[in-house]
Amino acid sequence: MTQPDEMLEIYQFEGCPYCSKVRQKMTELGLDFIAKSVDPHGDRQRVKEVSDQTGVPVLVDPNTDTVMPESDDIVEYLEKQYE
Ligand SMILES: N[C@@H](CCC(=O)N[C@@H](CS)C(=O)NCC(=O)O)C(=O)O
């Protein structure tokens, strides 16, 4: 796997099954990524600023200027872009 120029970021937390699904897909594809840890009980200001909504996971792919919530959409995007 040739890594993309800029590292992907994922806003997530341990114990979030949707985040786990995305982390698993990134690992399966051999992608390096930065895990931005979100406090599950804290405010979601940073997530809101980045993605204009509060749910996680959120993928940030600076290589394509993509900011994407929704785990199924993220998995589909990763497969199309990096498989
Ligand atoms: N349909 C979403 C569900 C994501 C979801 O429910 N995430 C939870 C954490 S496990 C969350 O962030 N809930 C707070 C919120 O949606 O504001 C997905 O598949 O990504």
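Scoring rules and cut-offs
- Position labels on residues start from 1 in each chain and follow its written sequence.
- Selection of residues for local features in this predicted model requires a pLDDT of at least 70, selection of side-chain atom pairs for listing and counting requires 80 or more, and totals for whole chains, interfaces and linings are taken over all residues.
- Using a C-beta atom placed from the backbone, a residue is scored as near a molecule or strand whenever that atom is within 6 Å of it.
- Each residue is assigned to one of three groups, with Ala, Val, Leu, Ile, Met, Phe, Trp, Tyr, Cys and Pro labelled nonpolar, Asp, Glu, Lys and Arg labelled charged, and all others, Gly among them, labelled polar.
- Strands here mean DSSP runs of E at least two residues long; helices mean DSSP runs of H or I at least four residues long; both are numbered from the N terminus.
- An expected span of 1.5 Å times one less than the residue number is assigned to each helix.
- Put simply, a residue is buried when 20 or more other C-beta atoms lie within 10 Å of its own C-beta and exposed when 12 or fewer do; between those, it is partly exposed, and each C-beta is set from the backbone.
- Throughout, the arc means the angular range of directions from the helix axis out to the C-beta atoms.
- DSSP bridges decide pairing: two strands pair if at least two such bridges lie between them.
- Only C-alpha atoms enter the line fits that serve as axes; for helices the fit covers just the stretch in contact. Angles between N-to-C directions range over 0 to 180 degrees.
- The contact criterion used is a C-beta to C-beta distance within 7 Å, with each C-beta placed from the backbone.

## Some details on the site of the ligand
The full set of residues close to the ligand is C16, Y18, T54, G55, V56, P57, E70, S71 and D72. Of the residues in the shell around the ligand, the class split is 4 nonpolar, 3 polar and 2 charged.

## Describing helix α1 (residues 17-28)
An ideal rise of 1.5 Å per residue puts 16 Å on 12 residues; α1 measures up with 16 Å between its terminal C-alpha atoms. Among all positions of α1, only C19, V22 and M26 are buried. End-on view of α1: buried residues confined to an arc of 65 degrees, all on one side of the axis. Exposed and oriented more than 90 degrees from the buried face of α1 are P17, Q24, T27 and E28.

## Quick look at the sheet that holds strand β2 (residues 33-37)
Read from one edge to the other, the open sheet built from 4 strands follows the order β2-β1-β3-β4, with strand pairing classed as mixed. The sheet is open, and its two edges are formed by β2 and β4 (66-69), each paired on a single side. For this sheet the average axis-to-axis angle between neighbouring strands, irrespective of direction, equals 20 degrees. In terms of strand pairing, strand β3 (residues 58-61) meets β4 through 4 bridges, oriented antiparallel. Counterpart to D61 in the pairing with β4 is T66. In the packing of α1 onto the sheet, the strands contacted are β1 (8-12), β2 and β3, and the crossing angle to β1 comes to about 160 degrees.

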